[in-house]
Amino acid sequence: MRTLNLGILAHVDAGKTSLTERLLFDAGVIDKLGSVDTGNTQTDTLELERQRGITIRAAVVSFTIGDRVVNLIDTPGHPDFIAEVERVLGLLDAAVVVVSAVEGIQAQTRVLVRALRRLGVPFVFFVNKVDRLGARYAEVMEALAAQLAVRPIAMSSVTDAGGKLARVEALAPGDEPLFSALCEALGENDQALLDDYVLAPERLTTERLGCSLADQVAKGLVHPVFAGAAMTGAGVRALSSAIATLLPERRLDPDGPIAGKIFKIERGWGGEKLAYLYLTSGTVRLRQYLDLPSGERRVTAIHVFEAGRSHGAASFCAGQIARVSGLAGARIGDAVGSDPASGGRAYFASPTLETRVLARRLSDSAALWLALNQMAEQDPLINLRRTEETNEVFVSLYGEVQKEVIHSTLLTDFGLEAGFEKSTVILVERPVGTGAGLQILFKEPNPFLATIGLRVEPRPAGAGNSFALEVEVGQMPVAFYRAVEETVFETLKQGIFGWQVIDCHVAMTAARHSSPASTAADFRQLTPWVLATALSAAQTVVCEPFDHFQLEAPVESLSSVLSLLAKSAAATSDSVIADGVARLEGTLASQMVQSVQQQLPGLTSGAGTMETAFDHYAPISGRRACAGVRGPIRSTRSNICCGCSPRELHAEWAGRRVGVSKHGVATPIWRAGGCRPTNKGRPPKEPPLIPQAASEAISMTKR
């Protein structure tokens, strides 16, 4: 079976969903075109999507072009819902990047193109809305090459762009001007073709050019650009032809071992979990057991996507996407069977905002927590946490629109009224140096039947966290090492100042158990204690997120804009003045972005624009470091430091004693003196050094 997984990607309001409707209509899948404005499109099925006219959840629809089955995945364009794009990128064979001829290239366009190039996914462009007032097709073509570092080839000609009389014609490869453009572009990577173009152009047949173009598109060397208007259908047929002939497909084996990936999870009308599974090998049948990371699960129902619809089926095979019931333990990103392509790699930055969620009625607090957990299953990049002391619930976000969607979903799907506090920036911690921690079996004050030694050291920026064993693997059961590794990554979610620790390498330097008394629980409970000691010795620095900005403003307002950027502590890396417009690039603290965006229209008479995207984390300097302290581990975000230096904070955290909570988890405990987080003017109460759980563990050890 020739199968093509095709993604439709774009910035918000570029016309992705309208293009999807047109492709389905031209393929004969639907008899009537839907409209985003009227809310009757095939892929926008959520009520909130129909009301707001935006795509919130990725949608799947399958159709046939010639002898090729196309699994088309329509993704959200708004940056607040980048998690939906994240989960489907690993499935794509190719993509269509839609760009509006009116708005041109946006920040989201750059983010998507970078991700596609990083993954090696071939893609073509479709410049939409050439019939709209203000359409600038020629300028968009120039911007593609200048701003996205791609090699575009114009496959369409547009006349009278920017009005209802706009005409789009597909160019023939054998005729000018496309013949010369193709030869020059393809010749950059094909010396034989370039030689024939110069010496014997008659050898360059349409078939040869087409084969060379398809080959270089598959390798990501060139990127054909089609133009049109999805609403009227102008130029879409040429794009459909390219989907059928230019983009590479997969040839999969339905008789091979089962392998696939779960990329989306929904809830059915009865609350049951529905997993969207794409198979890369094998065949899955009803009542068959599937091997998941959480264990074997039996398939109880299958709905296959075919011919623009989903229908019940007894089985589905490699190359198909199905909605499967019965996989209760499934999570987004889970590999089914043995899929080597499945991994936990992240293609976009994690959310940088966080807000506290409050139930309007106190009695709804438990129901709110359960509802948010179900929503987090469908959006794994949204981190959900709850403080143990106060039961406050926090959710991480990409933007304010996402907050509105969560509020609406809680009300419509769960009947819960919730309030949201003002969003704040999520900080992180990075280790400064190298530190070690060690707790030895049968040696006070270790109450657990385990020996663990850990060393912490920093990794390069952006490298993420890692774990390695520097002990003999055969001296203990494998489950004990796995327990330490899993607990290390879980513990790193809250460091010295209570923020997640990033770019940190943890090595296990000592390990011992007492057979047959030791269990994996001993290693899970002791690991946070040892890791806390190692982090204290290494010390960490609090870092805040910075965004890369691109700002355009009239020259006459440049001085006011520069003054605003200076007050916001922005760092300008590049500036260009041309045609009466100043273009500035640089970096700016994420927490200042909204303030700059709000003031920019007033300073530029509404003519200024600003695009931002996450760039990096950088240490907080001066007294702002204290403002970034969450307090002790498990503390609330509202804790505020008294104003001491980061060095003093490190020293105080290192001096905390470690106790064992009632759940058996080792956690640092404040000791008297030094810096304390305020709690309505009162310091937190001093808990005992070794509570009941630790005493019982020591007693069992002695027995």
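All values reported here derive from a predicted model rather than from experimental measurement.

**Re the packing of helix α6 (residues 178–187) against helix α8 (residues 206–218)**
To characterise two packed helices, one gives the angle between the axes of the helices and the distance between these axes.
Then step 1. One way to put it is that α6 packs onto α8 with a least axis distance of 11 Å and a crossing angle of 50 degrees. Between α6 and α8, the angle falls in the class oblique. In the crossing of α6 with α8, the sense of the turn from one axis to the other is left-handed. Between α6, through Phe179, Leu182, Cys183, Ala185 and Leu186, and α8, the contact on the second element is made entirely by Leu209, Ser212, Leu213 and Gln216.
Then step 2. Each residue belonging to the contact of α6 with α8 can be placed in one class, and the counts come to seven nonpolar, two polar and no charged.

**As for the environment of Asn128**
Then step 1. Mapped onto the elements of the fold, Asn128 is located in strand β5 (residues 123–128).
Then step 2. Residue classification places Asn128 among the buried residues on the basis of a relative accessible area of 3%.
Then step 3. Distance from Asn128 to Ser18, taken between C-alpha atoms, is 9.9 Å for residues 110 residues apart in sequence.
Then step 4. Every residue in contact with Asn128, bar those within four places of it in the chain, is listed here: Ala14, Gly15, Val98, Val99, Ser100, Ala101, Gly228, Ala229 and Ala230.

**Focus: the packing of aromatic side chains**
To describe a pair of aromatic rings, you give the distance between the ring centres and the angle between the ring planes.
Then step 1. For the structure on display, the rule yields six aromatic pairs.
Then step 2. Look at Phe179 and Tyr197: their rings are 6.1 Å apart centre to centre, the planes differ by 65 degrees, and that puts the pair in the edge-to-face class. Of the two residues, Phe179 sits in helix α6 while Tyr197 sits in helix α7 (residues 191–199), which places them 18 residues apart along the sequence.
Then step 3. By relative accessible area, which is 12% here, Phe179 ends up buried.
Then step 4. Assessed through its relative accessible area of 21%, Tyr197 is described here as partly exposed.
Then step 5. Taken together, Phe263, Tyr276 and Phe305 form an aromatic cluster joined through their ring pairs.

Cut-offs applied
Residues numbered from 1 in each chain as written. Predicted model: local features only at pLDDT ≥ 70, side-chain atom pairs only at ≥ 80, totals over all residues. Heavy atoms only, no water. Axes fitted to C-alpha atoms, helices over the stretch in contact; angles between N-to-C directions. Helix = DSSP H or I, 4+ residues; strand = E, 2+ residues; numbered from the N terminus. Parallel < 35°, antiparallel > 145°, perpendicular 65-115°, else oblique. Left-handed = near helix turned anticlockwise from the far one by under 90°. Contact = heavy atoms within 4.5 Å. Nonpolar A, V, L, I, M, F, W, Y, C, P; charged D, E, K, R; others polar. Buried < 20%, exposed > 50% of the residue type's maximum accessible area, 1.4 Å probe, protein only. Phe/Tyr/Trp six-rings, centres within 6.5 Å; stacked < 30°, edge-to-face > 60°.

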